[in-house]
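Coordinate analysis (summary)
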Amino acid sequence: MGNRLFQEARKAVMQAKQAANGQADVDLDRAIAIAKNALSSAYAHSSLAEKAQLRQFQEELDQLTQ
């Protein structure tokens, strides 16, 4: 099954990216807030490899807010 929190974080970042591109019917600010929270929760419970991916997700999220 894998790390559920990691999976949720990945999904939340994907939804925020879709919202930024107008491909999701979700408020961008709300999607970003949800993704940040999911990343934070996942980071504390992840392996080193997952943490590296989570940092990449965080960078992608940061690009949406610039």
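Residue indices begin from 1 for each chain and proceed along its sequence in written order. Reporting in this predicted model follows two pLDDT cut-offs: at least 70 for local features of residues, and 80 or more for side-chain atom pairs to be given and counted; totals over whole chains, interfaces and linings ignore these cut-offs and use all residues. With hydrogens and water stripped out, all remaining heavy atoms of the structure feed into the side-chain values.

The protein chain goes by DUF3813 domain-containing protein in an unreviewed UniProt entry, where it is assigned to Parageobacillus toebii.

**Some remarks on the packing of aromatic side chains**
Put simply, two rings from Phe, Tyr or Trp (the six-membered ring, in Trp's case) pair if the centres are within 6.5 Å, and we call them stacked under 30 degrees between planes, edge-to-face over 60, tilted for the rest. Taken as a whole, this structure holds one aromatic pair when the rule is applied. One cation-aromatic arrangement involves K51 over Y43; the distance from NZ or CZ to the ring centre is 5.0 Å. Two thresholds decide whether a charge sits over a ring: the Lys NZ or Arg CZ must be within 6 Å of the ring centre and within 35 degrees of the ring normal.

**A look at the nonpolar core**
Of all hydrophobic cores here, the largest spans 15 residues; its most connected members are A9, A16, A35, L39, L54, F57 and L61. Comment: elements are numbered from the N terminus, with helices defined as DSSP H or I runs of at least four residues and strands as E runs of at least two. At the level of elements, α1 (4-20), α2 (28-43) and α3 (48-64) are the ones that each hand at least two residues to this core. The contact rule is simple, with two residues in contact once any of their heavy atoms fall within 4.5 Å. The residues contacting A16, other than those within four sequence positions of it, are L28, A31, I32, A35, L61 and L64. Nonpolar cores are built from buried Ala, Val, Leu, Ile, Met, Phe, Trp, Tyr and Cys residues. Side-chain atoms within 4.5 Å join them into one set. Using a 1.4 Å probe on the protein chains alone, a residue whose accessible area is under 20% of its type maximum counts as buried, one over 50% counts as exposed, and one in between counts as partly exposed.

**Some points on the packing of α2 against α3**
Angles here are taken between N-to-C directions and fall from 0 to 180 degrees, while the axes themselves are lines fitted to C-alpha atoms, restricted in helices to the stretch in contact. In contact at an axis separation of 10 Å, α2 and α3 are set at 160 degrees when each is read in the N-to-C sense. Accordingly, the angle class assigned to the pair α2 and α3 is roughly antiparallel. Note on packing geometry: the crossing formed by α2 with α3 is left-handed. Where α2 approaches α3, its residues I32, A35, K36, L39, A42 and Y43 are matched on the opposing element by K51, L54, R55, F57, Q58, L61 and L64. Each residue gets one of three labels, nonpolar for Ala, Val, Leu, Ile, Met, Phe, Trp, Tyr, Cys and Pro, charged for Asp, Glu, Lys and Arg, and polar for the others, Gly among them. Along the lines of polarity and charge, the residues of the contact of α2 with α3 split into nine nonpolar, one polar and three charged. Throughout, the term roughly parallel applies to angles under 35 degrees, roughly antiparallel to angles over 145, roughly perpendicular to angles from 65 to 115, and oblique to all others. Definitions for this section: a left-handed crossing has its near helix turned counterclockwise from the far helix by less than a right angle. A right-handed crossing has that turn clockwise.

**Observations regarding the side chain of E50**
As for its placement among the helices and strands, E50 is situated in helix α3. Among buried Asp, Glu, Lys and Arg side chains, E50 stands out as unpaired, with R10 the closest opposite charge at 8.4 Å. When neighbours within four sequence positions are excluded, E50 is seen to be in contact with N3, F6 and H45. Note on charges: Lys and Arg go in the positive column, Asp and Glu in the negative column, and His and the chain ends are not counted at all. Salt bridges are defined as contacts in which a side-chain nitrogen from Lys or Arg sits within 4 Å of a carboxyl oxygen from Asp or Glu.

**Section: α1**
Here a helix's expected span is defined as the number of its residues, less one, multiplied by 1.5 Å. The terminal C-alpha atoms of α1, which comprises 17 residues, lie 24 Å apart, in line with the 24 Å expected from a rise of 1.5 Å per residue. Residues of α1 that are buried include every one of F6, A9, A12, V13, A16 and A19, and no others. Seen along its axis, α1 keeps its buried residues to an arc of 145 degrees; they face one direction. Of the surrounding secondary structure, the elements contacted by the buried residues of α1 are α2 and α3. This arc is built from the directions going out from the helix axis to the C-beta atoms.

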